[in-house]
Amino acid sequence: MARPDVLLRLSDGEKSFGERVLFRHAKFWLEPRERAVLVGPNGAGKSTLFQALAGRLPLDEGKLERPRGTTVVYLPQDFRPSSLPPGGEATLYGTAYAITPLYRAERELETLPPERAGEAWNRVRELSFWKGRVAKTLADFGLGGLWESPVGGLSGGEGVRLGLAMTFLSGADVLLLDEPTTHLDLKMRLWLEEMLLAYRGAVALISHDRALVARVATTVYHLEAGVLVRVPGGYSTYLQERERVRRTIQKARKEADKERERLTASADSMRPFAQYSAKKSRQRDSLIRRAQRIEAPDPLPPERRWSLEIAAEGTPKLVLEAKDLAKSYVLRQTQNADLVGAQSFASGARQNQNHADDQKRQVIKNATLRIFRGDRIALVGTNGAGKTTLLRLLLSREFPDAGERTLGLGVGVAYLDQLYHGLEPDKSLFVQFSSRFGEARAAALLGRVGFRPPHWNDPPQSFSGGERARAGLALLGALRAGLLVMDEPTNHIELELLEALERALSDYPGTLLFVSHDRTLIKRVATRFWGLEDGILVEYPNYAEAEAAMLGKPAVRLNPYGELPPETEASAEERNLEDERLALLERLHEVRLTDRSRARLRADLLAVEDELDRRYAHEFYLPVPYRYRVRQGGLEVFADYELSYWRFWSSAGGLEGEYSNKILHLEGHADSRVLQAALRVAFELEGVQVVRYGKQTFGRDKYLEEFKPSAWVDERRPPGKRRRRKPKRPAPPAPAV
């Protein structure tokens, strides 16, 4: 029997939820061996379209066709095995085995009468190889040690890997995979690529992994604002054709509108003759019908240009140093996300071996490292290797069992965690931003990443993964830190926003340490590559060596302590910062600079410019004009007044108030020394009779009796500024500082 030319076809599909149209007049088809990738912004309706293609969701309009006998398997984003067929075991191996043709043949054999059992037995023997294939596929997806584990106890990543294994074991003609790489590490993503390329059926998938899409896709569909566009060719072709498709649609709309206007104008010109001539009337009606039949493509939404910019501050040359860090967890008690896979594996191993050593797992073993100014370090490795744990140890979010870590003097740190990206989960998004940056800037930051006022008061815990990631990027755009630490920032981010993040990180002049499974981001941003191998931190000279190590191939490994000791910097007073700045600018334009050298030079330039700003501020800053400066208990307090309004300020707070009828009324919150200094200025220099502060009242005569005036006021007036009145008491004989 010949294979059909098209395995799955959607014609003029339409789906809406309320007033929101997800797609209209959608045309989608899959040919044998085709690899189609569906891209588009988060919330555009990509998952809804896949559910409609799988027959799980009814269409409002349109027709879904597939030849008789064509099987379709759909894998949702967060797969969880919920039910099993009769006779299946509630174990991982039993669940995977239950989807194979061998299992179906065995169930069919049980229902056949004895006279037909011979043919069924032959079928079972022919399919017996599936038992070995199930074992191999589970091992390929890293589930070989969990065969007897109950499916209800699987972690999120393990559930997705089981779903992928079952999908490929199904042997379906069409696979529909919705973001299958979400919980996969680099090693699993590389293996998934090989499985997709070798699969004998057709595959359609939704993915934000640009490296996977670039290697696998033969066709790209783009869904946005209800419009589904098909671009034959790979991902590179799609990137080239994206703008051309937009221009083609705009041109087609203009031509359709122009032709409709021409026909309508012709029909209107025939109106005076139509009432006297049946022929003219028929011609006019024909023109009107032709104008009505002209269809113009729906307009595409305005192309979104995500804009992200990450500022930094200058740091010392040695940003962070750690020596002999070690960390272990008791597997039965830990809740650390890094250990979920390892915990499940160890629980199965403990069924066969009950040694005391199996109760603990040492995640980090004697990690010694240095991070230099301008480094952009990618921390790679398999899930459960301890990457998040290492980040938390370096940031003092967890205490090590042994070793120490030292952060450079004055280094500001920004940390975007994996789940909430540096945000508080139960606090209103706008409240968090406005408390940090003010309401006007908070509104601008949230609007820049697509958040509108109706969602500003929602807490991050109610957001989807993509919305939380966008909120984290909005926060990232406002922070100014010398060291930026990010734990898987690319999860659930759409392709256009991911490209904007990549550009921003490439331009970031500070120091960066990040965990990511996005190979394209790692290759384009990172200048150093770290990995954790059985708890031991190693460095690879480049990404190719890191990938080889993850695949178990021979690889070169370096010492993460750094290739060169940091240079000792002279003090700012001994340096000619302007000459250093000009020299760094010249070196940045050298052609043969490596990415690492260029990044470090940019960070050095930032540090020099920050130091120059501080020096200029110290040399040229003019203080706020004041009339008196008082030293009270080691605290400098400044005083000034304009007309009848008085102000007293210091680094420990300030007071202010109005002077009327020889009574000074003070308000504010400040150190008690500020109040004492205010009393001294008011009573001894300005002739004030009464000072009232809150419920306290102070009189001048009583004050002068208890406190003998002494030479404690340093009276300094700005040049050219005249005093408004003379003191009523003679000044102390000799001012003292």
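Residues numbered from 1 in each chain as written. Predicted model: local features only at pLDDT ≥ 70, side-chain atom pairs only at ≥ 80, totals over all residues. Heavy atoms only, no water.

A description of the side chain of Glu-539 should follow, citing residues and the corresponding values.
Looking at the secondary structure, you find Glu-539 in strand 18 (residues 536-540). At a separation of 3.3 Å, a polar atom in the side chain of Glu-539 contacts the side chain of Trp-530. (Helix = DSSP H or I, 4+ residues; strand = E, 2+ residues; numbered from the N terminus. Polar contact = N/O pair within 3.5 Å; in protein donor to acceptor, adjacent residues only side chain to side chain.)

Describe the side chain of Thr-219, with residues and values.
Mapping Thr-219 onto the fold places it in strand 8 (residues 219-224). Setting aside chain neighbours within four positions, we find Thr-219 in contact with Glu-34, Arg-35, Ala-36, Val-37, Arg-230, Val-231, Pro-232 and Gly-233. (Contact = heavy atoms within 4.5 Å.)

Tell me about the packing of helix 3 (residues 101-111) against helix 4 (residues 117-126), and please be specific about residues and values.
With their axes 9 Å apart at the nearest point, helix 3 and helix 4 run at an angle of 165° to one another. When the axis of helix 3 is compared with that of helix 4, the two are roughly antiparallel. Helix 4 is crossed by helix 3, and the crossing has left-handed handedness. Taking contact as the criterion, the partners of Leu-102, Ala-105, Glu-106 and Leu-109 in helix 3 are, on helix 4, Ala-117, Ala-120, Trp-121, Arg-123 and Val-124. (Axes fitted to C-alpha atoms, helices over the stretch in contact; angles between N-to-C directions. Parallel < 35°, antiparallel > 145°, perpendicular 65-115°, else oblique. Left-handed = near helix turned anticlockwise from the far one by under 90°.)

Before we move on, can you summarise empty space enclosed by the protein with the specific residues and values?
Applying the stated criterion across every chain, the model contains 3 cavities of 30 Å³ or more. Space inside the largest cavity adds up to approximately 140 Å³. Surrounding the largest cavity, 13 residues form its lining, Thr-181, Arg-189, His-208, Thr-490 and His-492 being those nearest its centre. Here the lining of the largest cavity is built from residues that sort into 2 nonpolar, 7 polar and 4 charged. (1 Å grid on protein atoms, 1.4 Å probe; cavity = no way out; pocket = protein on both sides within 12 Å on 5 of 7 lines; lining within 4 Å. Points joined across faces, edges and corners; volume = space filled by probe spheres on them. Nonpolar A, V, L, I, M, F, W, Y, C, P; charged D, E, K, R; others polar.)

Help me get a handle on the packing of aromatic side chains, residues and values and all.
Each aromatic ring pair is specified by the distance between its two centres and by the angle formed by the two planes. Across all of its chains, the model carries 14 aromatic pairs by this definition. Between Phe-28 and Tyr-221 the ring centres are 4.2 Å apart and the planes differ by 25°, which places this aromatic pair in the stacked class. Here Phe-28, found in strand 2 (residues 20-30), pairs with Tyr-221, found in strand 8; they are 193 residues apart in sequence, far enough to count as distant. The pair formed by Phe-28 and Tyr-221 is uniform in burial state, with each residue classed as buried. A centroid spacing of 6.0 Å and a plane angle of 85° characterise the contact between Tyr-97 and Tyr-103, whose relative ring orientation is edge-to-face. The burial state of Tyr-97 is the same as that of Tyr-103; both residues are buried. Aromatic rings pair up to connect Tyr-93, Tyr-97 and Tyr-103 into one cluster. Here the guanidinium or amino end of Arg-107 rests over the ring plane of Tyr-103, the centre of that ring lying 4.6 Å away. (Phe/Tyr/Trp six-rings, centres within 6.5 Å; stacked < 30°, edge-to-face > 60°. Buried < 20%, exposed > 50% of the residue type's maximum accessible area, 1.4 Å probe, protein only. Lys NZ or Arg CZ within 6 Å of the ring centre and 35° of its normal.)

Which residues make up the packing of helix 14 (residues 429-437) against helix 15 (residues 439-448), and what values do they have?
Their axes nearest at 7 Å, the elements helix 14 and helix 15 cross at an angle of 125°. For the element pair helix 14 / helix 15, the angle class is oblique. Crossing of helix 14 against helix 15: the hand is right-handed. On helix 15, the residues touching Leu-429, Phe-430, Phe-433, Ser-434 and Phe-437 of helix 14 are Glu-439, Arg-441, Ala-442, Ala-443, Leu-445 and Leu-446. Broken down by class, the residue content of the contact of helix 14 with helix 15 amounts to 8 nonpolar, 1 polar and 2 charged.

Give a detailed account of helix 20 (residues 577-588), specifying residues and quantitative values.
Here helix 20 contains 12 residues, and its C-alpha end-to-end distance of 16 Å stays within 8% of the 16 Å for a straight helix at 1.5 Å per residue. Turning to helix 20, its buried residues number three or more, namely Leu-577, Leu-584 and Leu-588. Taken around the axis of helix 20, the buried residues stretch over an arc of 35°, which confines them to a single face. (Expected span 1.5 Å × (residues − 1). Arc of directions from axis to C-beta.)

Which residues make up the nonpolar core, and what are the values?
Counting residues in hydrophobic clusters, the biggest one holds 56 residues, and the most contacted among them are Phe-433, Leu-484, Met-486, Leu-505, Phe-514 and Ile-522. Residue contacts for Leu-505: discarding those within four places in its chain leaves Ile-310, Arg-376, Leu-484, Met-486, Leu-512, Leu-521 and Val-525. Membership of the second largest hydrophobic core comes to 55 residues, among which are Ala-96, Leu-112, Leu-154 and Leu-164. (Core = buried A, V, L, I, M, F, W, Y, C linked by side-chain atoms within 4.5 Å.)

Run through helix 13 (residues 387-394), naming residues and quoting values.
Given 3.6 residues per helical turn, the α-helix brings residues three or four places apart onto the same face. When you tally the buried positions in helix 13, you get 7 out of 8 residues, the bulk of the element. Along helix 13, the positions that sit buried rather than exposed are Lys-387, Thr-388, Thr-389, Leu-390, Leu-391, Leu-393 and Leu-394. Ser-396 occupies a position one or two residues after helix 13 and carries a positive phi of about 60°.

Break down the pattern of salt bridges for me, citing the residues and quoting the values.
In this structure the tally under the stated criterion is 30 salt bridges. The shortest N-O distance in the salt bridge between Asp-140 and Lys-136 comes to 3.0 Å. In this pair, Asp-140 and Lys-136 both sit in helix 5 (residues 130-140), 4 residues apart, roughly one turn of the helix. Arg-528 is the partner of Glu-539 in a salt bridge, and the nearest nitrogen-oxygen pair spans 2.8 Å. Taken together, the residues Glu-539 in strand 18 and Arg-528 in strand 17 (residues 528-533) connect sequence positions 11 residues apart. (Salt bridge = Lys/Arg side-chain N within 4 Å of Asp/Glu carboxyl O.)

I'd love a proper account of the environment of Glu-496, names of residues and values included.
Within the element layout of this structure, Glu-496 appears in helix 17 (residues 495-507). Distance in space between the C-alpha atoms of Glu-496 and Gly-40 is 8.5 Å, their sequence separation being 456 residues. If we ignore the near neighbours within four places in the chain, the residues touching Glu-496 are His-222, Tyr-238, Arg-242 and Trp-306.

Mind laying out the confidence of the model for the protein, listing which residues take part and the relevant values?
This prediction gives the protein a mean pLDDT of 80; 86% of its residues lie at or above 70. In this model residues 83-89 is a low-confidence stretch, pLDDT under 50, and it forms 11 contacts with partners more than four residues away in sequence or in other chains. Predicted confidence is poor over residues 332-357, with pLDDT under 50, and the contacts of this stretch with residues over four places away or in other chains come to 33 contacts. (pLDDT = per-residue confidence, 0-100.)

Break down the pairing of strand 21 (residues 645-650) for me, citing the residues and quoting the values.
The pairing of strand 20 (residues 635-642) with strand 21 spans 5 bridges and is antiparallel. Looking at the pairing, Glu-642 lines up with Tyr-645 of strand 21. Here strand 21 pairs with strand 22 (residues 653-660) via 6 bridges, running antiparallel. Each bridged residue has a counterpart across the sheet, and for Arg-647 the counterpart in strand 22 is Glu-656. Between strand 21 and the antiparallel strand that follows it, strand 22, lie 2 residues. (Pairing = 2+ DSSP bridges.)

Break down the sheet that holds strand 8 for me, citing the residues and quoting the values.
Working definition: the strands of a sheet are paired by backbone hydrogen bonds and lie parallel or antiparallel to each other. Spatially, 6 strands are ordered 5-6-7-3-8-9 in an open sheet, and the strand pairing comes out mixed. Each edge of the open sheet carries a strand with a single partner, namely strand 5 (72-75) and strand 9 (227-232). Adjacent strand axes in the sheet meet at a mean angle of 15° when their direction is disregarded.

Break down the environment of Arg-33 for me, with residues and values.
Relative to the helices and strands, Arg-33 resides in the loop between strand 2 and strand 3 (35-39). Distance from Arg-33 to Val-203, taken between C-alpha atoms, is 7.3 Å for residues 170 residues apart in sequence. In this view, Arg-33 contacts Leu-197, Ala-198, Tyr-199, Arg-200, Gly-201 and Ala-202; residues no more than four positions away in its chain are not counted. Among the polar contacts made by the side chain of Arg-33, one reaches the main-chain carbonyl oxygen of Tyr-199 at a distance of 2.3 Å.

Tell me about unusual backbone geometry, residues and numbers included.
Of note, His-25 is a non-glycine position whose phi angle comes to about 55°, a positive value. One can find His-25 in strand 2. A positive phi angle, near 50°, is found at Asn-366, a position not held by glycine. Within the secondary structure layout, Asn-366 lies in strand 11 (residues 360-372). Judged by relative accessible area, Asn-366 falls into the exposed class, the value being 53%.

Give a description of the pairing of strand 3 that names residues and reports values.
Counting buried positions along strand 3 yields 5 of 5 residues, so the element is predominantly enclosed. Covered by surrounding structure in strand 3 are Arg-35, Val-37 and Val-39 together with Ala-36 and Leu-38, the residues of both alternating faces. Relative to strand 8, strand 3 runs parallel, the two being bridged by 4 bridges. Counterpart to Val-37 in the pairing with strand 8 is Val-220.

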